[in-house]
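Fold and contact review
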Amino acid sequence: MLELAVVSGKGGTGKTTLTASLAVLIEHKVLADADVDAPDLHLLLKPVKESENPFYGMKKARIIQEKCSSCDICRQVCRFDAIEVINGKYVVDEVACDGCKLCFRKCPDKAIVMEDSLSGHWYVSRTPYGTMVHGLLEVGEENSGKLVTIIRKQAMFLAQKEGVPYVLMDGPPGIGCPVNSTLTGLKYAIVITEPTQSGLMDLERLLDLMEHFGVFPFVVINKYDLAESKSEEIREYVVKRGGKVAGMLPFEKIVVEALSRGEPIVQYAPSSRVTVEIKRIWDYIENEIKRGA
Ligand code: SF4
Ligand code: SF4
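Residues numbered from 1 in each chain as written. Chains lettered and ligands numbered in written order. Predicted model: local features only at pLDDT ≥ 70, side-chain atom pairs only at ≥ 80, totals over all residues.

With that settled, the discussion passes to the site of ligand 1. Around ligand 1, the structure places 13 residues, and the nearest of them are Cys68, Cys71, Ile73, Cys74 and Cys107. Residues of the shell around ligand 1, tallied by class, amount to nine nonpolar, two polar and two charged. (Near = placed C-beta within 6 Å. Nonpolar A, V, L, I, M, F, W, Y, C, P; charged D, E, K, R; others polar.)

This part covers the pairing of strand β8 (residues 166-173). Along β8, eight of the eight residues are buried, which leaves the element largely enclosed by surrounding structure. Two strands pair when backbone bridges link them, and strand β1 (residues 2-8) and β8 are joined in this way by six bridges, in the parallel orientation. Note that in β8 the partner of leucine 4 across the bridge is leucine 168. Two elements, strand β2 (residues 29-33) and β8, share five bridges in a ladder whose sense is parallel. Across the sheet, the residue bridging to leucine 31 is leucine 168, located in β8. (Buried ≥ 20, exposed ≤ 12 C-beta atoms within 10 Å, placed from the backbone. Helix = DSSP H or I, 4+ residues; strand = E, 2+ residues; numbered from the N terminus. Pairing = 2+ DSSP bridges.)

Note: interface size is frequently given as the accessible area lost on complex formation between the parts. Partitioning the protein into structural domains gives domain 1 (2-46 + 128-291) and domain 2 (58-118). For domain 1 versus domain 2, the separation of C-alpha centres amounts to 41 Å. (Domains from an automatic or database assignment.)

Once that is clear, we can look at the environment of isoleucine 73. The topology assignment puts isoleucine 73 in helix α3 (residues 73-77). Here isoleucine 73 falls in the partly exposed class, since 17 other C-beta atoms lie within 10 Å of it. Residues isoleucine 73 and leucine 249, 176 residues apart in the sequence, show an inter-C-alpha distance of 59 Å. When near neighbours in sequence (up to four residues on either side) are disregarded, isoleucine 73 contacts Lys106, Cys107 and Pro108. (Contact = placed C-beta atoms within 7 Å.)

This part covers the environment of glutamate 211. Mapped onto the elements of the fold, glutamate 211 is located in helix α7 (residues 197-213). The class for glutamate 211 is partly exposed, based on 14 C-beta atoms found within 10 Å. With 153 residues separating them in the primary sequence, glutamate 211 and methionine 58 have C-alpha atoms 30 Å apart.

A regular strand places its side chains so that they alternate between the two faces of the sheet. Burial analysis of strand β9 (residues 188-193) places five of its six residues in the buried class, the great majority of the element. Across five bridges, the pairing between β1 and β9 is parallel. Along β9, the bridge assignment pairs serine 8 with isoleucine 192. Bridging between β9 and strand β10 (residues 216-222) involves six bridges; their strand directions are parallel. Directly across from isoleucine 190, in β10, lies its bridge partner phenylalanine 218. Remark: the β9/α7/β10 crossover connection has right-handed handedness. (Right-handed = clockwise from strand over helix to strand, strands pointing away.)

This part covers the nonpolar core. Ranked by size, the top nonpolar core spans 66 residues in total, and within it Ala32, Ala189, Ile190 and Val220 carry the most contacts. Not counting chain neighbours up to four residues away, the residues in contact with isoleucine 190 comprise Leu4, Val6, Phe218, Val220, Ala246 and Ile285. Counting residues in each nonpolar core, the second largest holds 13 residues, with Ala61, Ile63, Cys78 and Cys97 among its members. (Core = buried A, V, L, I, M, F, W, Y, C linked by C-beta atoms within 7 Å.)

This is the structure in structure tokens:
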């Protein structure tokens, strides 16, 4: 069983469009949306929730009023300005609290406890294209890397249970903490980029990160025909780094139409040039994986 993530150096490069299309094309797989800060795979795959599970990211401080002598020490030591006095009572702002425990250690009256705090949820859902594991953080919550790890573990568990060969992940954009959690332990990832200078710079950073984690990149250049010489520069750059360019998608207005209708492009426009190329890209990647690229 193989985990395959679709990632990009930044948002808005066509990552979810490609993932949703692969979700249609790959017959046997479990889907995972690891973009927990701004998940949008559900908009195209229309999951129906079967289970909802709480996610506790980190412990946060809570003040036990009966024990508090209002000494003000906790408010003074908190670097996140998370402790306020409201109507004469010391209280913790859960959103601002970083869980650093300094107030807990400094309180002379042992009036502060560190407690699990609900940071989001993760779900197992049914889609027309198979089981999907996805999650959502509460507004202002961090620790998205930990939620990505839970989603990956669940998706792997379900893939093993269902006996399917792939877990297909829509990865988070960028190179932050949730991307690290997505790439750890992966053998391959599909990287989607656009033919611009900033696209190339984002790609460079992402390929550096993938090299660090030992993940082999299959690169897809989206809207390649809007800047063919930059696309060629990116292609040469990827090859020079030892990666593979799996394909180049043309710009087509029908992709935007499919998105606004909430349908994967390969399903919405089966004979469009983009669909034909995505199918070719998947055939290529699957063959390369089988050959042990
Ligand atoms: S340090 Fe402890 S006793 Fe002092 S104000 Fe904070 S919670 Fe109350
Ligand atoms: S745990 Fe840290 S961030 Fe949270 S209230 Fe205490 S000192 Fe502030």
